[in-house]
Amino acid sequence: MSAQTMSRWIERILNEFPADLARLWIVADPDDVLLAEQILSSLRARGFEVLPFEDSVVFRAEYEERYRAVWDRSEDGPAKSLILQLRGNNINDLPWDYLRQARKVSLSLADLFPHLSYGVVRQIGAEYLSTLFDAQTKHISQSLGEALTKDFILTHIFRLGPHFISRPEELWTELLRLHYRSDGLPPILAMHAAQVLGEHSAFKELPIAELFSSKSKFLRMVQDAWFRYLAKRNVTGARTAEPTPPDFVPMMEVPFDHSEVGLIVHSMFLEGSLHPLVVQGLELDLPDWAKVGIVQDPYAIRNLIQEGIKNLLQTLPMLESSYRDWLQSSRQLGELIARFHRLDASLADGINDSVNDLLKTADEQLLAWLTKHYADLSSLPVAKAPVMVNHIPRFLSMRRNAGQTRIALLVFDGLAIDQWVHIREHLIKQSKQMIFDENACFAWLPTLTSISRQAIFSGLKPREFADTIETTASEPKLWSRFWADHGLLGNEVFYRKGIKRTEQLDELNSFLTNPSIKIAGMVVDTVDEIVHGAVLGKRGISNQIASWCESGFIDRLFALLRDKGFHIYLTADHGNVEAVGQGRPNQGVAPELRGERVRTYRNEALAMESAILSPNTYRLDIAGLPSDFKLLFAGNRTAFVHKGEQVVVHGGISVEELIVPFIKISYVS
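Before we move on, could you go through the overall build of the protein and cite the residues and values that matter?
The helix and strand tally for the protein stands at 27 helices and 20 strands. On C-alpha atoms alone, the protein measures out to a radius of gyration of 26 Å, which is about the 26 Å that the 2.2 N^0.38 rule sets for 669 residues. Each of the three principal axes of the protein carries a C-alpha extent, and together these read 80 × 70 × 50 Å. For the protein, the proportion of its 669 residues judged to be buried stands at 57%. Sequence-distant contacts in the protein: of pairs separated by 6 or more residues, those separated by 24 or more amount to 75%.

In structure tokens, the structure reads:
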């Protein structure tokens, strides 16, 4: 997206907010226009902070303590102006003192896109609105109906013309291109594409809507088609990370030999979206591009990882990238790290420096990006998926309202995305009926359990549970309070932590048999225990996780929840990273929280002194933390432990620590 295209959309919204016109603004924003990532960032650059109005008590406390009291002293405070964003049109329901003070604005997609069908535009996602606004300005002079609006969006936003697709190679090229660069079409557009393409006899038997909308299912179909493509050429072997497909995966014929199809498939193997076939000593008559999809000798996976490193280095997000780009890169990085840890140690040694260089570059670019954009993440919409871990309860509440009457949230304490990859591959082998809708979200900084895990179970920013920020003891109360605010009774909400052994599952089963339970929140501690006891680094952890999977605990836990009718979601409060000790800060006064990758202080002078005494550190102010919470992070991939000690830890800022899995687990009978 060009700066010019971006600026048209942003300028249109910013024109509603002249600088220095008011301290407090109220915006009726039923479509969450203000909560688009670029809009939030641009408003912040002009001195505005946007605060969604979700709870009158929480908002009043925030407004009175952090803004109004400071403004009354003629100081700027956290921002020069505060925008109360109301997700609705009825401004008059707000407290009268806000209405008396504030300047009022109304924003609606119906007004911003007057020539397009409002019912369609509001379902496509905020990330596409800037490009759509530009396309509307350039190409539309009269109103379009619903069908023409869908065609217009498919053409100008997704570069997809279903009316012009008539041959299989054209369809598969478009599908692969779509899923390589994004997670698929919004459902309303996928259904429209299916209706158009269903008119062609060549496509009548294909699940077109599913192919366009579900990346996870699409990749399973392509993966199976790849193995069958090889089998037809008498290339057989062992499937890596993918078992024989279950019956519910349709057997698609993908035209891999088509040049454009082959080019995109080659890239998908490099990034880890597709898995190669292990073959032994065969003379293969395959085109060069296809050889990335097979492993002929022990060095082939290593070479595949090396190619993946080069590919990922070229596509790492930059300073103005979207948070979605970081979530996508974190998943690609997780796949690559998981592959790396499955290599024999002797082979891994040869590319260890390349992996470390990639991780160092990713961490540096992430830190620069966070410095500018992290403050906006907690305000982003959650309807499609949670962006931060404190969004998860609100997202699950929306799922309940959409018909998922029983929901189980599993928090695998300390699980990094690369370790989720190991668990996923085990689960796929054990149960062909299991499918995964894989996403990711940001943990809270600092990535400490008492902060990020409480954010998960409370749905709050850490500033809003400041009194308990140093302990997890209040999680049951916070979990129950959130769901009470969303209409559930105390006996309908379940919480349990310390789940780690198979013998605990019988007791868990007895609780969850109770039909009154609608929401279950559970903490699985095993990964965190493995991490804190690790002596062989993340490679050793991957082996221990494999052994844990073989115990059958995870399979039984998921089966128990499935049998009780729960919709299953899995996430983590933080990940983990390999680090080397730089020594402990020499302080006369201990910090409040002593993480291996971060120290927190309630005293600014002490935090500054510690930074001076520990040169390989950095300070960072994190929006959403208590105002007296001062942070000191260990620099690079180091930790506040004995100098030279090799550890696996968390608390700091790296892709592996900060971006965690968010997975919907489903079964197909």
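Residues and numbers for the nonpolar core, please.
If you look at the biggest cluster of nonpolar residues, it comprises 197 residues, and the most contacted ones within it are F212 and F442. Contact partners of F442, with chain neighbours within four places excluded, come to Y323, W326, L327, W369, L377, V387, M388, V389, L658 and I659. With 18 residues, the next largest nonpolar core counts L51, L82, L94 and A102 among its residues.

Give a description of the environment of R406 that names residues and reports values.
By the element assignment, R406 lies in the loop between α18 (392-401) and β8 (407-412). The buried category is assigned to R406, whose relative accessible area is 12%. Separated by 114 residues in the primary sequence, R406 and A520 place their C-alpha atoms 8.1 Å from one another. Setting aside anything within four residues of it in sequence, one finds R406 in contact with L512, N514, P515, I517, K518, K564, G565, F566 and H567. In terms of polar contacts, R406 uses its side chain to reach the backbone carbonyl oxygen of N514, at 2.9 Å.

Report on unusual backbone geometry, specifying residues and quantitative values.
Between L445 and P446 the backbone carries a cis peptide bond, its omega angle lying at -5 degrees. Summarising the element assignment, P446 is placed in the loop between β9 (434-442) and α20 (449-458). Residues other than glycine seldom take positive phi values, yet N636 does so here, at roughly 50 degrees. With respect to the helices and strands, N636 occurs in the loop between β17 (630-634) and β18 (638-639).

Would you mind going over the pairing of strand β1 (residues 24-28) in detail, with residue names and values included?
Summarising burial for β1: 5 of the 5 residues are buried, a large majority. Of the two faces of β1, the one holding L24, I26 and A28 and the one holding W25 and V27 are both buried throughout. Bridge analysis of β1 against strand β4 (residues 103-106) gives 4 bridges, and the strand direction is parallel. Within β4, the position partnered with I26 by the bridge is K104.

Lay out the confidence of the model for the protein with the relevant residues and their values.
Detail in the predicted coordinates should be disregarded across regions flagged by low pLDDT. Confidence along the protein averages 89 in pLDDT terms, with 94% of residues attaining 70 or more. When pLDDT is averaged over each helix and strand of the protein, the minimum, 60, is found for strand β14 (residues 593-594) and the maximum, 98, for β8. Counted against residues more than four places away or in other chains, residues 1-6, with its pLDDT under 50, gives 10 contacts.

Go over the packing of aromatic side chains, please, and point to the residues and values.
Going through the model one piece at a time under the given rule, you end up with 33 aromatic pairs. A cation over an aromatic ring shows up here: R539 above the ring of F340, its NZ or CZ 5.3 Å from the ring centre. A cation sits over an aromatic face here: K664 above Y569, 5.3 Å from the ring centre.

Can you lay out the side chain of S452 for me, pointing to particular residues and giving the numbers?
For S452, the location among the structural elements is in helix α20. Residue classification places S452 among the buried positions, given a relative accessible area of 0%. The residues touching S452, leaving out its near neighbours within four places in the chain, are V389, A443, W444 and D573.

Give a detailed account of the packing of helix α13 (residues 259-271) against helix α15 (residues 323-342), specifying residues and quantitative values.
Two numbers describe how α13 lies on α15: the axes approach to 8 Å, and their chain directions differ by 65 degrees. One way to sum up the angle between α13 and α15 is to call them roughly perpendicular. Of the residues in α15, those touching α13 at F269, L270 and E271 are Q328, Q332, E335 and R339. A breakdown of the residues in the contact of α13 with α15 according to their chemical character gives 2 nonpolar, 2 polar and 3 charged.

Help me get a handle on the pattern of salt bridges, residues and values and all.
For the structure shown, the criterion picks out 46 salt bridges. The shortest N-O distance in the salt bridge between E320 and K372 comes to 2.3 Å. With E320 in the loop between α14 (298-315) and α15 and K372 in helix α17 (residues 352-377), this residue pair connects regions lying 52 residues apart in the sequence. You can call E320 exposed: its relative accessible area is 51%. Among the salt bridges present, the one from R424 reaches E425, with a minimum N-O distance of 3.7 Å. With relative accessibility at 6%, the residue R424 sits in the buried group. Since its relative accessible area comes to 7%, E425 is described here as buried.

Parameters and conventions
Residues numbered from 1 in each chain as written. Predicted model: local features only at pLDDT ≥ 70, side-chain atom pairs only at ≥ 80, totals over all residues. Heavy atoms only, no water. Helix = DSSP H or I, 4+ residues; strand = E, 2+ residues; numbered from the N terminus. Rg over C-alpha atoms; globule rule 2.2 N^0.38 Å. Buried < 20%, exposed > 50% of the residue type's maximum accessible area, 1.4 Å probe, protein only. Contact = heavy atoms within 4.5 Å. Core = buried A, V, L, I, M, F, W, Y, C linked by side-chain atoms within 4.5 Å. Polar contact = N/O pair within 3.5 Å; in protein donor to acceptor, adjacent residues only side chain to side chain. Pairing = 2+ DSSP bridges. pLDDT = per-residue confidence, 0-100. Phe/Tyr/Trp six-rings, centres within 6.5 Å; stacked < 30°, edge-to-face > 60°. Lys NZ or Arg CZ within 6 Å of the ring centre and 35° of its normal. Axes fitted to C-alpha atoms, helices over the stretch in contact; angles between N-to-C directions. Parallel < 35°, antiparallel > 145°, perpendicular 65-115°, else oblique. Nonpolar A, V, L, I, M, F, W, Y, C, P; charged D, E, K, R; others polar. Salt bridge = Lys/Arg side-chain N within 4 Å of Asp/Glu carboxyl O.

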